[in-house]
Amino acid sequence: MKKVFLIISTGMLTGILSTGMAGVQMESDTSSIATDSVTITIGKISFTKNCTSCHNFKQDGIGPQLAGLTAKVSVDWIQKFIKAPNAIIESGDERANNLVKKFHAIMPSYAYYSDKEIDAIIAFLHTQKVANQNGETGDGSELSNPVPEPIGLSDLVVGLELVTQIPPSAEKLPITRITKLEFQPNTQNIFILDLRGKLYKLVNKQPTVYMDMAKLKPKFIDQPGLATGFGSFAFHPEFRKNGLLYTTHTEPPGSAHADFHYADSIPVTLQWVLTEWKTKPGSFPFSGSSRELFRVNMVTGIHGVQEITFNPLAKPGDDDYGLLYVGVGDGGCVEEGFPFLAHSRERIWGTIVRIDPMGRNSANFQYGIPRNNPFSGSGETKTLGEIYAYGFRNPHKISWTPSHQMMAINIGQHAIEALNIILPGHDYGWPIREGTFFMNPKGDINKVYPLPANDSIYRITYPVAQYDHDEGKAISGGFEYNGAGVPLLKGKYLFGDVANGRLFYVDMAHVRLGHQEIIKEWQVSLNGVRKTLAELCKDERPDLRFGKDHRGELYIMTKTDGKVYRLVSASHP
């Protein structure tokens, strides 16, 4: 039986347009909607700040597209839904419950918004009309259930130990936005990142602020939410000698010249910045100088530069030693109707790039392009030599297995969550593919179809494991376990789903290109009592993340309550 999970959306207006999805068309009285430019501008600012992470006016995304909303839904209904969505759902309202069925999402209450603020947002929404969709919409062969086989529950139960609690960075859920746990090379030091701006070091298991991005970068922003903020960090392999640390963070549009930009006619919601920091290795908290490596414009606030890392298995003298991998998402460009920005060797969006931070042969002379990068010596003048692999919506959680395979997940659109083996120069398909399925980037990107008969000519590298949205909503990448404390986990790549907190694994011994490995579900226990992560954090959306320490032991983090657990035992009861 398929499993359906209810999650809490971080977007302000998640699901309002689902009323139109019910197939009910109605005349709506719009005479009360303000039409003056001042109110509309205020509403646009509020919408951009609070809603664009989940919504646009072209395609469904994390939430539905909102063009034409005021023609289908009454103003009174929108006002009430924003203030008390749960009350409307519980009343049996057909439109509200169609939201739950279609998007599996409930937005939080925004009762603290004044009527004036809500009316301004509605005034802006009223200016957004339904546009004709370009491109093919499918020939009737679209797949409603791309991966029909459900993920089976294994008998693996892993014991957890609570390690620490990260201080709240907000009063409302999620109280933290912890996304990354990593160790400092050649030490036992563990660092944990909160997207809202702080990097913590665990001192006797207690989080102590090491780096405060808001203080170091005055233009730092962590809005409109989701992936924006202090995105990632990576200590140089020789940090103890050279004191070099790398970070990514977001700033408002136009904060500085972007090294990677596009036509002025395309909107810029924010900029992602990759920075090199120089500090005295033993100093605490952080103090030092910074140097910008590159800056990227993004169409929306989603799918940013959320992953930077060095290959921890590379040794001095290896080709990979000291080279920085950077996962660059598509910035929501496909959902906004600009698919040509992604899936190109001439553009950085939707790629994994590999650079030498010590070099200076890039276009801006701030970093190096390794000579052994797959496109470094291609001779194609517009091809970016930085690109290591391309064709991603949101390449995330890059890791290496003990056998030196490079792995990365790709968070999907509306159908498929994928685990990939990353090979230099390979094309992973987005946005003409989602997982092992065809997708039309100029049509309805929420539909997938069987692969065409001539698929081989496209030379797409497909994932080695995937699941559809019957099972979860957004993949949370993990690691192949290589520690010594939990022998039963040896050889398993452990991962899960961000939204519902389900935990999965694949047996790496069977993982290979051209084959879809079977995904199995595992469970956890705390103090001997078996619990789901949703039960542990007392919320249906745990916001799951994985981390790893210097010994290869794995950790689970739940953003919703800011707790960090270590995997300490495993059994087959």
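The model shown is predicted, which means the values in this text are computed figures rather than measured ones.

J.: Can you explain the overall build of the chain? Please cite residues and give values.
T.: Within the chain one finds ten helices and 29 strands. Over its C-alpha atoms the chain spans a radius of gyration of 23 Å, differing by no more than 12% from the 25 Å that the globule rule assigns to 573 residues. Overall, the C-alpha framework of the chain stretches about 70 × 60 × 55 Å when taken along its three principal axes. Every one of the 573 residues in the chain was classed for burial, and the buried ones make up 60%. In the chain, 66% of the contacts between residues at least 6 apart in sequence involve partners at least 24 apart. For the chain, the exposed area adds up to about 23,100 Å²; of that, 52% sits on carbon and sulfur atoms. Positive and negative charge centroids in the chain, built from 58 and 59 side chains respectively, lie 6 Å apart.

J.: Help me get a handle on the packing of aromatic side chains, residues and values and all.
T.: Using the criterion set out here, one finds 21 aromatic pairs in the structure. Consider the rings of Tyr325 and Tyr388, whose centres lie 5.3 Å apart with planes at 85°: the pair is edge-to-face. Pair noted here: Tyr325 is in strand 13 (residues 324-328) and Tyr388 is in strand 15 (residues 387-390), with a separation of 63 residues, a long-range link. Taken as a pair, Tyr325 and Tyr388 share a single burial class, namely buried. Site record: aromatic cluster; members linked through ring pairs are Phe191, Tyr210, Phe233, Phe235, Phe239, Trp277, Phe284 and Phe286. Note that Arg393 overlies the ring of Trp430, its terminal NZ or CZ placed 5.8 Å from the centroid.

J.: How would you summarise the sheet that holds strand 11 (residues 288-298) if you had to cite specific residues and measurements?
T.: Taken in spatial order, the four strands of this open sheet run 8-9-10-11, and their pairing is antiparallel. The sheet is open, and its two borders are formed by strand 8 (230-235) and strand 11, each paired with just one other strand. Going across the sheet, the axis of each strand differs from the next one's by a mean of 15°, ignoring polarity.

J.: Could you give me a rundown of the sheet that holds strand 13, with the residues and numbers involved?
T.: Strand order in this open sheet of four strands is 12-13-14-15, and the pairing throughout is antiparallel. Looking at strand neighbours, the two that pair on one side only are strand 12 (307-310) and strand 15, the edges of this open sheet. Sheet twist, expressed as the average angle between the axes of neighbouring strands with direction ignored, equals 20°. Two strands pair when backbone bridges link them, and strand 14 (residues 351-355) and strand 15 are joined in this way by three bridges, in the antiparallel orientation. Paired with Thr351 across the bridge in strand 15 is Tyr390.

J.: Tell me about the side chain of Arg295, residues and numbers included.
T.: Within the secondary structure, Arg295 sits in strand 11. There is a polar contact of 2.8 Å between the side chain of Arg295 and the side chain of Gln271. In this structure the side chain of Arg295 is engaged in a polar contact, spanning 2.8 Å, whose partner is the side chain of Glu292. When residues no more than four places from it in sequence are discounted, the contact partners of Arg295 are Glu251, Ser255, Ala256, His257, Ala258, Asp259, Phe260, Gln271, Trp272 and Val273.

J.: For unusual backbone geometry, give the residues involved together with the corresponding values.
T.: Trans is the prevailing form of peptide bonds, just as negative phi is the prevailing case for residues other than glycine. In the segment running from Phe284 into Pro285, the intervening peptide bond is cis, with an omega of -5°. Of the consecutive residues Trp430 and Pro431, the connecting peptide bond is found in the cis state with omega at 5°. If you check the backbone angles, Asn186 has positive phi at about 65° while not being a glycine. A positive phi angle is found at Asn204, which is not glycine, with a value near 55°.

J.: I'd like a rundown of the pairing of strand 10 (residues 270-279), residues and numbers included.
T.: A regular strand places its side chains so that they alternate between the two faces of the sheet. The buried fraction of strand 10 amounts to nine of the ten residues, a majority that puts the element mostly inside the structure. Two strands pair when backbone bridges link them, and strand 9 (residues 244-251) and strand 10 are joined in this way by eight bridges, in the antiparallel orientation. Within strand 10, the residue paired with His249 across the bridge is Val273. Pairing geometry for strand 10 and strand 11, over ten bridges, is antiparallel. Counterpart to Trp272 in the pairing with strand 11 is Val296.

Cut-offs and rules
- Residues numbered from 1 in each chain as written.
- Predicted model: local features only at pLDDT ≥ 70, side-chain atom pairs only at ≥ 80, totals over all residues.
- Heavy atoms only, no water.
- Helix = DSSP H or I, 4+ residues; strand = E, 2+ residues; numbered from the N terminus.
- Rg over C-alpha atoms; globule rule 2.2 N^0.38 Å.
- Buried < 20%, exposed > 50% of the residue type's maximum accessible area, 1.4 Å probe, protein only.
- Contact = heavy atoms within 4.5 Å.
- Areas by Shrake-Rupley, 256 points an atom, 1.4 Å probe, with all protein chains shown as cover.
- Lys, Arg positive; Asp, Glu negative; His and termini not counted.
- Charge placed at Lys NZ, Arg CZ, Asp CG, Glu CD.
- Phe/Tyr/Trp six-rings, centres within 6.5 Å; stacked < 30°, edge-to-face > 60°.
- Lys NZ or Arg CZ within 6 Å of the ring centre and 35° of its normal.
- Pairing = 2+ DSSP bridges.
- Axes fitted to C-alpha atoms, helices over the stretch in contact; angles between N-to-C directions.
- Polar contact = N/O pair within 3.5 Å; in protein donor to acceptor, adjacent residues only side chain to side chain.

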